[in-house]
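Residues per chain are reported as follows:
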Amino acid sequence: MPNAPTVKTWTLNRRNALKLSVGAAAGVVVPARWLYPRQAGHAAESPPFSRPLPIPRVLAPTSSTPAGDVYQMTIAPATARILPGLDTPVLAFNGQFPGPTIKARTGRPVRVRVTNKMSSPSSVHLHGADVAPSSDGHPVDLIQPGESKTYHYPNRQPAATLWYHDHAHHIEAEQVYRGLAGLYLIGDEESDALRLPGGAYDIPLFIRDAEFDEQGRMLFTLDGFATRTTVLVNGAQQPYLPVRRRKYRLRLINAANSRPIRLVLSDGGELVRIASDGGLLERPVRATQVELWPAERAEVIVDFSTRPTGGTVILENIFNGPETPNRQLLQFQVTDPAPDNSRIPETLRTHPAFGDPVVTRTINLGRDPTNSFYAINGLPFDPNRIDFQIKRGTTELWVVNNTDGQFGFPHSIHIHQVQFRVLDRNGQAVGPEEAYPKDTVRIPAGQTVRLLVRFESPFTGVYPYHCHFLDHAAAHMMAQLEIVP
Ligand code: C2O
Ligand code: CU
Ligand code: CU
């Protein structure tokens, strides 16, 4: 298997084993209702909307040739100013929290050389990308401390909002939580021609939660989602963004380990959805709410020309209703009118047809009652086991069940390498905003989701699929498929 991950073994060290047992214990006591009952940690909170929204810096290539762009990134411990007057220790790509943004173009290859200066291994995965297995950031294809690895990203896919994050087996949950994640935006001519809002009017909102102590340190326990009640946008708590009176394109990324969010504007205004995980929808979908579970993305257009100069609009998370802790995430401060020749086109992109499925598979996501690990089809992740072998070029029907109805645990499924179609949830067709192109789909407790998955990439080899509650993935809710010619 020339394309198999280069490292095939992993042994639990004592530190990881300890964390897993802590997580497993926590898994038992999680309340049956999916709620965030406790108020935020003890750290001093900034007065709301007193800090401008940071925009992650765009990384400059170290070389650009007709063959593509080359980037260098270093992973190392760093500090970030997240809370007022406090330095928070983080793990960072190039010292930035979140990491720098890479801007790529369809058809133009990118190579990223990553050097690991941490004391733990890493693996860097480009979420949503179609890449060879050797560049996929498989959980056991590790960059050891002091070592480097070059990832090749062919960018064969259309424009999309992707993100990169750590994927080192068992420790990805903690390492992503501590900061190892950033944006990777692919652009293409087809989407440029649509004249969507661009440049300074195209804003990423990288949303995640955390728990802080009084010194501003981030606290992490596996499955400790209930106390991660501080929500950060681009690494800041309750920032503000001055906006001019015109249309904006907002790229929404749920980068939390375990927190689902449902976003609304405080004035009830419209969020026009134009793109999902893997890029543009067929047509814009007008909505007033956008629900995103961990790793899901949405792009929306918001028209601030309808708001008065001097007014404010707040982006809110109402996932747990009006009493959701830290409901107010970001304040838009409306300034002066600005020229706007951007549009919201009637049609955005024609999607490819999928063939009929040749195989039907059943995937059960559920906690294993015998050891309280999270499991897929009753099995914990084993990097030496191939769970499904798939013929390249075929379409499959995946029936994914969340079997944790009695515990109330939410799950999701993320499949590396593909953008799939979501057919239905509990037999009900999903809306067009969730139908395609998707790489991660939510599966509330006890529900069943059916997916049409087409393995169209030329690459063969081994790729993971897993729940994208990263705390669950770290506690074994992961499996792997092998694409064969
Ligand atoms: Cu976002 Cu396997 O990952
Ligand atoms: Cu992924
Ligand atoms: Cu899960």
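Structural notes, computed from the coordinates. (Residues numbered from 1 in each chain as written. Chains lettered and ligands numbered in written order. Predicted model: local features only at pLDDT ≥ 70, side-chain atom pairs only at ≥ 80, totals over all residues. Heavy atoms only, no water.)

**Re the overall build of the protein chain**
And then number 1: Each helix and strand in the protein chain was counted, giving five helices and 33 strands.
And then number 2: Referenced to the eigenvectors of the C-alpha coordinate spread, the extents of the protein chain come out at roughly 60 × 50 × 50 Å.
And then number 3: Residues counted as buried form 62% of the 485 residues belonging to the protein chain.
And then number 4: Across the protein chain, every contact between residues at least 6 apart in sequence was considered, and the portion connecting residues at least 24 apart equals 77%.
And then number 5: Looking at the protein chain as shown, the accessible area adds up to about 17,700 Å², and 52% of this sits on carbon and sulfur atoms.
And then number 6: Computing the positive centroid from 49 side-chain charges and the negative centroid from 46, the protein chain places the two 3 Å apart. (Helix = DSSP H or I, 4+ residues; strand = E, 2+ residues; numbered from the N terminus. Buried < 20%, exposed > 50% of the residue type's maximum accessible area, 1.4 Å probe, protein only. Contact = heavy atoms within 4.5 Å. Areas by Shrake-Rupley, 256 points an atom, 1.4 Å probe, with all protein chains shown as cover. Lys, Arg positive; Asp, Glu negative; His and termini not counted. Charge placed at Lys NZ, Arg CZ, Asp CG, Glu CD.)

**With respect to the coordination of the copper ion (ligand 3)**
And then number 1: For the copper ion (ligand 3), the protein coordination sphere consists of His411 (ND1), Cys467 (SG) and His472 (ND1), at 1.9 to 2.2 Å.
And then number 2: Positions of the donor residues of the copper ion (ligand 3), expressed as sequence spacing, correspond to H-x55-C-x4-H. (Donors = N, O, S within 2.8 Å, 3.2 Å for Na, K, Ca; no water.)

**What to know about the pairing of strand E30 (residues 440-443)**
And then number 1: With burial as the criterion, each face of E30 is covered, one bearing Thr440 and Arg442 and the other bearing Val441 and Ile443.
And then number 2: Sheet analysis places strand E27 (residues 411-415) next to E30, joined by four bridges and oriented antiparallel. Opposite His411, over in E30, you have Ile443 as the bridge partner. (Pairing = 2+ DSSP bridges.)

**Concerning the coordination of the copper ion (ligand 2)**
And then number 1: Taken together, the protein donors to the copper ion (ligand 2) comprise His125 (NE2) and His414 (NE2), at separations of 1.8 to 1.9 Å. Remark: His414 occurs in strand E27 and His125 occurs in strand E6 (residues 124-127); sequence separation between them is 289 residues.
And then number 2: The class for His125 is buried, based on a relative accessible area of 1%.

**Notes on the side chain of Arg361**
And then number 1: Its location among the elements puts Arg361 in strand E23 (residues 359-367).
And then number 2: With near-sequence residues (within four places) excluded, Arg361 lies in contact with Phe388, Gln389, Ile390, Glu396, Leu397, Trp398 and Val399.

**Remarks on the pairing of strand E17 (residues 271-276)**
And then number 1: Judged by how many residues are buried, E17 sits mostly within the fold: six of six residues are covered.
And then number 2: Judged from the three bridges that link them, E17 and strand E20 (residues 297-303) form a sheet pairing that is antiparallel. The residue bridging Val272 from the neighbouring strand is Ile301, located in E20.

**Considering the sheet that holds E30**
And then number 1: One open sheet accounts for five strands, arranged E25-E33-E32-E27-E30; its pairing is mixed. In this open sheet, the two edge strands, each paired with only one partner strand, are strand E25 (388-391) and E30. Strand-to-strand twist in this sheet, taken as the mean axis angle between neighbours without regard to direction, amounts to 25 degrees. (Axes fitted to C-alpha atoms, helices over the stretch in contact; angles between N-to-C directions.)

**Section: the environment of Phe212**
And then number 1: Residue position: Phe212 is located in strand E10 (residues 202-212).
And then number 2: Among the residues examined, Phe212 registers a relative accessible area of 2% and is labelled buried.

**Describing the nonpolar core**
And then number 1: Grouped together as the largest cluster of nonpolar side chains are 62 residues, with contacts concentrated most on Trp398, Ile413, Ile415, Leu451, Tyr465 and Leu481.
And then number 2: If you look at the next biggest cluster of nonpolar residues, it comprises 29 residues, including Val233, Val290, Leu315 and Leu330. (Core = buried A, V, L, I, M, F, W, Y, C linked by side-chain atoms within 4.5 Å.)

**A closer look at the layout of surface pockets**
Any empty space left between the atoms is revealed when a probe the size of a water molecule rolls over them.
And then number 1: In this structure, the largest pocket occupies an estimated 440 Å³ of space.
And then number 2: Around the largest pocket, the lining comprises 24 residues; the ones closest to its centre are Lys103, Leu185, Asp202, Arg249 and Arg251.
And then number 3: Contributing elements (two or more residues each) for the lining of the largest pocket: strand E4 (102-105), strand E9 (181-187), helix H3 (189-192), E10 and strand E15 (247-254).
And then number 4: Considered class by class, the residues forming the lining of the largest pocket number 11 nonpolar, five polar and eight charged.
And then number 5: Considered as a void within the structure, the second largest pocket measures approximately 330 Å³ in volume.
And then number 6: What lines the second largest pocket is a set of 20 residues, and nearest its centre among them are Gln157, Pro158, Gln419, Tyr436 and Glu456.
And then number 7: Grouping the constituent residues of the lining of the second largest pocket by class yields seven nonpolar, eight polar and five charged. (1 Å grid on protein atoms, 1.4 Å probe; cavity = no way out; pocket = protein on both sides within 12 Å on 5 of 7 lines; lining within 4 Å. Points joined across faces, edges and corners; volume = space filled by probe spheres on them. Nonpolar A, V, L, I, M, F, W, Y, C, P; charged D, E, K, R; others polar.)

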